[in-house]
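For reference, the chains in residue letters:
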Amino acid sequence: MISFKKHVHIALGYFVLIAIMGVVLRLFAVTDLPFKYRYIVHSHSHIALLGWVYTGLTTILYYLYLRKSGISKKYTYLFWGTQATILGMLFSFPFTGYALFSIIFSTLFLIASYVFVFFFLKHTPENLKSLHSYKLMRTAVWFMVFSSIGPWALGIIMSTLGNSSPWYRNAIYFYLHFQYNGWFLVALCGVLLRIFEQNGITLSQKNFERFYYLLNAGVVLTFFISILWMQPHWLFYMLAITAAILQIGAFCILFGKILWERSVLQKHIPKQTGIILKFAGFCLAVKLTTQLMGSFPQTAEIISGNMDYVISYLHWVFIGLISAALAAFLHYFKWVFLSNTAMILYIIGFLLTESLIFYRGSMNVFNLPALPDISFWLTMASVLLLLAIAWLFIYQLKKRA
Ligand code: HEM
């Protein structure tokens, strides 16, 4: 028997580890540390996307679509094999950066993720395949496969053009974009739709199709926002702006449905899940707005040259939207207990870190007065976030005991 709770606790364990690594990264701006900054960034980002989010999401996908398909034994092998590759990355990246072992483990991870996609596409029972939520999930896992062109290309680019080539940066952005805007975001929408379906709420076929095509056209075309740093032909700006508008259109349909069905949803969705989902929804609305604002030549130029803006945008999406929505769904499926204290600390820590990074990024752009010791306070705010995540993790163990 597969213990979903155990799998989810492993995912939460990674969440704590990435928060620890995140604090270490922030500490670099305050003091000297005996590590290589870039190596810690590599391990932090790999464990975040592939440890925490991938493990959390694939557990939900297996539970929703595959648990009755008779592949629990094969899936268990795959799960532990995948975990071995994540641990391999965890113990190689911080010490060697991109080198033999970390490359071997990340390649094995990619292969394991392809096997997961194969299981998902082949073994989902036919009766579930006609669901709207399945259609979204199928697209989400294809985005995951598509994103992996990035790492494969990176290998070729590093050995031919070198890591100072613009193609190197574009390959990383390609991977990141199709991971979080494609695979994660579309899969999270799929989970929401599955919850709707389980509670008797369905989008009409016409509305679903509108939502589906606007969302996915948006996912593909918003990639152009990631290449605006190259100051390309004006056509790319037009495509980026169109994509951002398409996505706003898609989420207007979804938000409209949520508002329409709010009394049914309030009955079926636990209060804590609802609060976190509303918070994630707010972060999504801000993401959609900044995406549009950042697609114009003047703003794109300011943002792409400002690392603080880029990192604050990415973490707005990762911590505020994706991690929060994922935690809410894990709570909905009763695998995670949410502590109110941890939730409040999380939101405060998140808003503080985001405001401080954004302010630091804005100091030069808007000639704002320098805040004394801003990097120190940013580290402290990150510690608050780490405490919230660690609290959430320890709370599971306490509740289980
Ligand atoms: C306490 C929480 C966190 C802190 C303090 C933190 C901090 C940081 C810092 C300082 C960087 C380095 C930026 C750079 O110099 O390039 C970074 C990068 C990154 N973080 Fe986090 N992070 C946290 C949580 C997360 C989470 C939850 C995720 C995803 C689910 C995430 C994903 C990433 C990714 C993908 C990068 C690499 C970005 C790039 O390559 O440009 N982080 N983080």
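Residues numbered from 1 in each chain as written. Predicted model: local features only at pLDDT ≥ 70, side-chain atom pairs only at ≥ 80, totals over all residues. Heavy atoms only, no water.

For the protein chain, mean pLDDT is 96; residues scoring 70 or higher make up 100% of the total. Ranking the elements of the protein chain by mean pLDDT puts helix H7 (residues 149-160) last, at 90, and helix H6 (residues 132-147) first, at 98. (pLDDT = per-residue confidence, 0-100. Helix = DSSP H or I, 4+ residues; strand = E, 2+ residues; numbered from the N terminus.)

Charged atoms that come close allow side chains of opposite charge to pair. Tallied over the entire structure, the rule returns four salt bridges. A salt bridge links Glu197 to Arg194; the shortest N-O distance between them is 3.0 Å. Of the two residues, Glu197 and Arg194 both sit in helix H8 (residues 166-198), three residues apart, roughly one turn of that helix. Just as Glu197 is buried, Arg194 falls in that class too. With a shortest N-O distance of 2.9 Å, Arg360 and Asp308 are connected by a salt bridge. Remark: Asp308 occurs in helix H15 (residues 307-332) and Arg360 occurs in helix H16 (residues 340-365); sequence separation between them is 52 residues. Judged by relative accessible area, Asp308 falls into the buried class, the value being 17%. (Salt bridge = Lys/Arg side-chain N within 4 Å of Asp/Glu carboxyl O. Buried < 20%, exposed > 50% of the residue type's maximum accessible area, 1.4 Å probe, protein only.)

Partitioning the protein chain into domains gives domain 1 (1-130) and domain 2 (132-336). A straight line from the C-alpha centre of domain 1 to that of domain 2 covers 19 Å. The interface is formed by 34 residues belonging to domain 1 together with 38 residues belonging to domain 2. With both chains or domains summed, domain 1 and domain 2 bury close to 3200 Å², and 80% of this area falls on carbon and sulfur atoms. When the buried surface of domain 1 facing domain 2 is broken down by residue, Leu49, Leu57 and Ile60 rank first, second and third, together holding 18% of it. Counting the contacts that link domain 1 with domain 2 gives zero salt bridges. Our count for the domain 1 to domain 2 interface comes out at four residue pairs in polar contact (both at pLDDT 80 or more). If you list the elements that add at least two residues to the side of domain 1 that touches domain 2, you get helix H1 (4-27), helix H2 (37-66), helix H4 (100-123) and helix H5 (126-129). Counting residues per element, the side of domain 1 that touches domain 2 draws most heavily on H2, which supplies 15 residues. Each residue belonging to the side of domain 1 that touches domain 2 can be placed in one class, and the counts come to 22 nonpolar, nine polar and three charged. (Domains from an automatic or database assignment. Contact = heavy atoms within 4.5 Å. Buried area = accessible area lost by both parts, 1.4 Å probe. Polar contact = N/O pair within 3.5 Å; in protein donor to acceptor, adjacent residues only side chain to side chain. Nonpolar A, V, L, I, M, F, W, Y, C, P; charged D, E, K, R; others polar.)

Attention now goes to helix H3 (residues 72-96). A rise of 1.5 Å per residue sets the reference length of H3, with its 25 residues, at 36 Å; its end C-alpha atoms lie 35 Å apart and thus fit the reference within 8%. Positive phi appears at Gly97, one or two residues downstream of H3, with a value of about 65°. (Expected span 1.5 Å × (residues − 1).)

The next point concerns unusual backbone geometry. The phi angle at Lys334 is positive, at roughly 65°, despite the residue not being glycine. Along the polypeptide, Lys334 turns up in the loop between H15 and H16. Assessed through its relative accessible area of 64%, Lys334 is described here as exposed. The phi dihedral of Asn367 falls on the positive side, at around 55°, and the residue is not glycine.

A separate point is empty space enclosed by the protein. Tallying each qualifying case throughout the model produces four cavities of 30 Å³ or more. Its boundaries defined by the atoms lining it, the largest cavity holds a volume of some 120 Å³. Surrounding the largest cavity, Phe15, Ile276, Ser323, Ala324, Ala327, Leu338, Ala342, Met343, Tyr346, Ala388, Ile389 and Leu392 form its lining. In terms of residue class, the lining of the largest cavity is made up of 11 nonpolar, one polar and no charged. In this structure, the second largest cavity occupies an estimated 70 Å³ of space. Of all the secondary structure elements, the ones that give two or more residues to the lining of the second largest cavity are H2 and H3. At five residues, the largest contribution of residues to the lining of the second largest cavity is made by H3. Taken together, the residues of the lining of the second largest cavity break down into five nonpolar, four polar and no charged. (1 Å grid on protein atoms, 1.4 Å probe; cavity = no way out; pocket = protein on both sides within 12 Å on 5 of 7 lines; lining within 4 Å. Points joined across faces, edges and corners; volume = space filled by probe spheres on them.)

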